[in-house]
Amino acid sequence: MIFQSIEQYRTSGFAPQVLIVGSGPAGITAARKLASRGVPVTILEAGAAEYTDESQDFYRGALDGDPYFDLDVTRLREFGGCSNHWAGWCRVLEKHDFEKRAHIPHSGWPISRADIDPYLNETREILGLRDWTADIRINDDIRQFEMIKSEAVRFREKFGPELEKSERIAVVLNTYATALIGDGQRINSVEVFSAGTPAGSLAAPVVVAATGGLENERLLLWSNERSNGGAVPHAAALGRYWMEHNHFLVGHALLFRDDAIAWDETGEAFLTVSPEAMARREIGNFGVRVVPMPYHGAKRLVASLACVAPRLTEMMSDSIGAHLSCSAQLHLAWEQAPDPDNRVTLSATERDAADVPRIELHWKKRAFEHHTMIEAMRLLGHCFASKGIGRVRFDDWVINEDGYPAELEIAGHHHMGGTRMGSDPAVSVVDAHQRVHGMQNLYVAGSSVFTTGGQCTPTTTITALSLRLGEHLAQAIGA
């Protein structure tokens with residue numbers, strides 16, 4: 001069932017056991033899993049069926065720190081959430097991403113990769129994926145992995161007809177959950193805003209916040225203020241440890257042997273680092289997207305080396321026309337360490353049309369991120385040289401330490417952390433089952449629960465975690 005307003009929904013008399021706030025991949029996935037187990041679910045979506053400027057304006061916010069995307073551009077407030085601008089790149093977090101790493105403070109999830117493995121087949125069905133092929137070892141430090149480009153599922157388009165016909169899922173559009181009102185043990189009501197005015201409240205035995213990796217923090221921070229600490233009783237980590245994937249063009253490569261790399265159907269390749277090399281170099285996880293350039297691009301790259309590396313240039317020039325294959329751009333995406341100072345807060349002065357404080361995002365890259373970038377390039381350069389694959393050249397801004405360029409790609413639009421998962425309420429917000437510490441009936445879904453970010457895109461892991469959450473809630477409600 002899909003309702004266009006809160007009035008229509010109330011007239012229906014539908015009585016959910018779970019109320020999910022947000023209709024993105026996390027919310028819809030959890031709802032479908034619950035419905036498949038016989039549990040009635042209501043999904044509240046603040047936006048309309050499609051994008052509107054009026055709805056998107058609620059997502060405006062302020063930035064403090066490094067250059068970042070405008071907050072009303074990096075996410076979408078509409079049915080289907082951010083799946084509506086998802087590019088479709090798919091990879092699940094690896095086993096070592098969940099583990100504690102001695103050189104990364106606050107790393108280590110309270111669950112392991114094995115906890116989401118049972119849900120990966122269903123995840124692939126949802127996202128339209130085949131199974132990933134095994135990684136290819138290039139040397140002890142670098143291996144090639146498969147990044148699958150899916151059909152870029154738009155959850156509204158793919159699952160809208162199913163939700164429309166469902167007798168166990170009610171989707172309520174144009175209904176903004178402004179605050180979750182709790183007493184320190186339970187959420188007792190959800191205040192809503194519709195048609196430009198407060199529209200009373202709703203209630204359900206279980207409430208799930210699934211509004212995205214920025215809005216989850218906003219909703220819980222404001223709910224805690226409205227409830228005098230009764231929504232998140234252990235709030236020391238709420239909004240903190242926010243993370244992104246840094247994305248930059250960091251260098252180029254001259255390739256002598258293109259047969260040393262298995263190119264995918266788009267003619268690109270993806271490389272990553274072994275956990276042993278990460279520990280030895282004390283860096284975060286990273287992925288390199290190798291994008292070949294035309295042959296004349298290789299000649300230009302050789303010419304640009306003449307002044308800074310004449311002996312290397314002579315060797316490269318001899319290769320032109322012989323065994324030089326091509327040149328390639330090296331796009332690096334890498335993990336950010338969880339830092340409590342990278343955080344989401346509420347504005348003291350700016351509010352949206354529902355009188356809810358807007359977001360302020362405080363975000364900076366630290367020395368760890370710069371160290372990871374440099375060491376990633378060194379590892380890749382050594383690998384290419386030792387294996388006769390080619391030579392790697394850092395871009396000038398990397399060598400000169402001029403700071404990160406503010407143009408082109410700067411991050412992945414991957415909003416992680418802020419309501420992170422953990423066993424210690426002092427440094428986490430939800431437990432291993434995504435339940436808010438100290439609360440009986442409040443859960444959080446989506447990438448805001450990520451403890452660390454790994455190097456891969458988050459949607460695949462979000463989907464698997466949401467299936468796991470739906471199964472857990474179904475079992476708990478059944479019990």
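Just so you know, these numbers come straight off a predicted model, no measurement behind them. Numbering of residues begins from 1 in every chain and follows the order in which that chain's sequence is written. Local features in a predicted model are, by the rule used here, given only for residues with pLDDT of at least 70; side-chain atom pairs are given and counted only at 80 or more, and totals for whole chains, interfaces and linings are based on all residues. For side-chain calculations, the full set of non-hydrogen atoms in the structure is used, while hydrogens and water are omitted.

A.B. asks: Describe the state of the cysteines, listing the residues and the values that go with them.
C.D. replies: Disulfides are defined as cysteine sulfur pairs within 2.5 Å. Counted according to the given criterion, the structure contains zero disulfides. Cys-82 carries a free sulfur, and the closest cysteine sulfur to it, the one in Cys-90, is 15 Å from it. Free of any disulfide, Cys-456 has its nearest cysteine sulfur in Cys-90, 9.8 Å distant. The classification of residues rests on relative accessible area computed with a 1.4 Å probe and restricted to protein chains. Under 20% of the type maximum is buried, over 50% is exposed, and intermediate values are partly exposed. On the basis of relative accessible area, Cys-456 is assigned to the buried category, the value being 3%.

A.B. asks: Explain the pattern of salt bridges residue by residue, including any values.
C.D. replies: Between Lys or Arg on one side and Asp or Glu on the other, a salt bridge is scored when a side-chain nitrogen of the former is within 4 Å of a carboxyl oxygen of the latter. Enumeration over the complete set of coordinates arrives at 30 salt bridges. We note a salt bridge from Arg-358 to Asp-57, for which the minimum N-O separation is 3.3 Å. Here Arg-358 is found in strand β19 (residues 357-363), whereas its partner Asp-57 is found in the loop between α3 (53-56) and β4 (61-65), with 301 residues between them in sequence. Taking relative accessible area as the criterion, Arg-358 reaches 4% and is therefore assigned buried. Its relative accessible area of 31% is what places Asp-57 among the partly exposed residues. Across the pair Glu-191 and Arg-226 runs a salt bridge, and its minimum N-O distance is 2.5 Å. Of this pair, Glu-191 sits in strand β11 (residues 187-194) while Arg-226 sits in helix α6 (residues 215-226), placing them 35 residues apart in sequence. Glu-191 gets classed as partly exposed once you look at its relative accessible area, which sits at 23%. Look at Arg-226 and you get partly exposed, because its relative accessible area is 35%. The network of salt bridges with shared partners includes Arg-75, Glu-215, Arg-218 and Asp-352. Only runs of H or I of at least four residues qualify as helices and only runs of E of at least two qualify as strands under DSSP, and these elements are numbered from the N terminus.

A.B. asks: Tell me about the packing of helix α2 (residues 25-36) against helix α12 (residues 459-478), residues and numbers included.
C.D. replies: In contact at an axis separation of 8 Å, α2 and α12 are set at 35 degrees when each is read in the N-to-C sense. Crossing angle aside, the handedness with which α2 passes α12 is right-handed. Together, Ala-26, Thr-29, Ala-30, Lys-33 and Leu-34 of α2 and Ile-462, Thr-463, Ser-466, Leu-467, Gly-470, Glu-471, Leu-473 and Ala-474 of α12 make up the contact between the two elements. Among the residues making up the contact of α2 with α12, the classes are represented as seven nonpolar, four polar and two charged. Helix axes are fitted only over the stretch in contact, all axes being lines through C-alpha atoms; the angle between N-to-C directions runs from 0 to 180 degrees. Crossing handedness follows the turn of the near helix against the far one: under a right angle anticlockwise gives a left-handed crossing, and clockwise gives a right-handed one. Contact definition: two residues touch when any of their heavy atoms are within 4.5 Å. Throughout this entry, Asp, Glu, Lys and Arg are counted as charged residues, while Ala, Val, Leu, Ile, Met, Phe, Trp, Tyr, Cys and Pro are counted as nonpolar. The remaining residues, Gly among them, count as polar.

A.B. asks: Go over the confidence of the model for the protein with me, naming the residues and quoting the values.
C.D. replies: As a per-residue quantity, pLDDT reports the predictor's confidence and falls between 0 and 100. Within the protein, residue pLDDT values average 92, and 93% of them lie at 70 or more. Low confidence marks residues 319-323, where pLDDT is under 50. Its contacts with residues over four positions away, or in another chain, come to eight contacts.

A.B. asks: Lay out the packing of aromatic side chains in plain terms, naming residues and giving numbers.
C.D. replies: The description of an aromatic ring pair rests on the distance of the ring centres and on the angle between the ring planes. Ring pairs shown here join Phe, Tyr and Trp side chains whose ring centres sit within 6.5 Å, with only the six-membered ring taken for Trp; geometry is labelled stacked below 30 degrees between planes, edge-to-face above 60, and tilted in between. In the structure shown here, the tally under the stated rule is 18 aromatic pairs. On the basis of an interplanar angle of 85 degrees and a centroid distance of 5.9 Å, the ring pair of Tyr-68 and Trp-242 is categorised as edge-to-face. Taken together, the positions of Tyr-68 in the loop between β4 and β5 (89-90) and Trp-242 in the loop between α6 and β14 (246-255) put the pair 174 residues apart, joining distant regions of the chain. Residue class for Tyr-68 comes out buried when judged on its relative accessible area of 9%. With a relative accessible area of 0%, Trp-242 lands in the buried category. It is Lys-149 that lies over the ring of Trp-89; its NZ or CZ is 4.8 Å from the centre. Directly above the aromatic system of Tyr-404 lies the positively charged group of Lys-365, at a separation of 4.6 Å from the ring centroid. Lysine NZ or arginine CZ positioned within 6 Å of the ring centre and within 35 degrees of the ring normal marks a charge as sitting over the ring.

A.B. asks: Before we move on, can you summarise the sheet that holds β11 with the specific residues and values?
C.D. replies: Strand pairing follows a simple DSSP-based rule, namely that at least 2 bridges must link the two strands. With antiparallel pairing, three strands are arranged side by side in an open sheet as β10-β11-β12. Because the sheet does not close on itself, it has two edges, and the strands there are β10 (176-182) and β12 (197-202). Going across the sheet, the axis of each strand differs from the next one's by a mean of 25 degrees, ignoring polarity. Two strands pair when backbone bridges link them, and β10 and β11 are joined in this way by six bridges, in the antiparallel orientation. Counterpart to Gly-182 in the pairing with β11 is Ile-187. Packed on one face of the sheet, α6 meets β10 and β11 and runs near 45 degrees to β10.

A.B. asks: Now, about the nonpolar core: what can you tell me, with residues and values included?
C.D. replies: For soluble globular proteins, the rule of thumb is that nonpolar side chains tend to be buried together. Take the buried Ala, Val, Leu, Ile, Met, Phe, Trp, Tyr and Cys residues and link them wherever side-chain atoms come within 4.5 Å; each set so joined is a nonpolar core. Counting residues in hydrophobic clusters, the biggest one holds 95 residues, and the most contacted among them are Ile-20, Val-190 and Val-208. With seven residues, α12 is the single largest residue contributor to this core. When residues no more than four places from it in sequence are discounted, the contact partners of Val-190 are Leu-19, Leu-44, Ala-177, Ala-179, Leu-180, Gly-200, Ser-201, Leu-202 and Val-207. Listed in part, the 43 residues of the second largest apolar core include Ile-283, Trp-334, Ile-374 and Phe-394.

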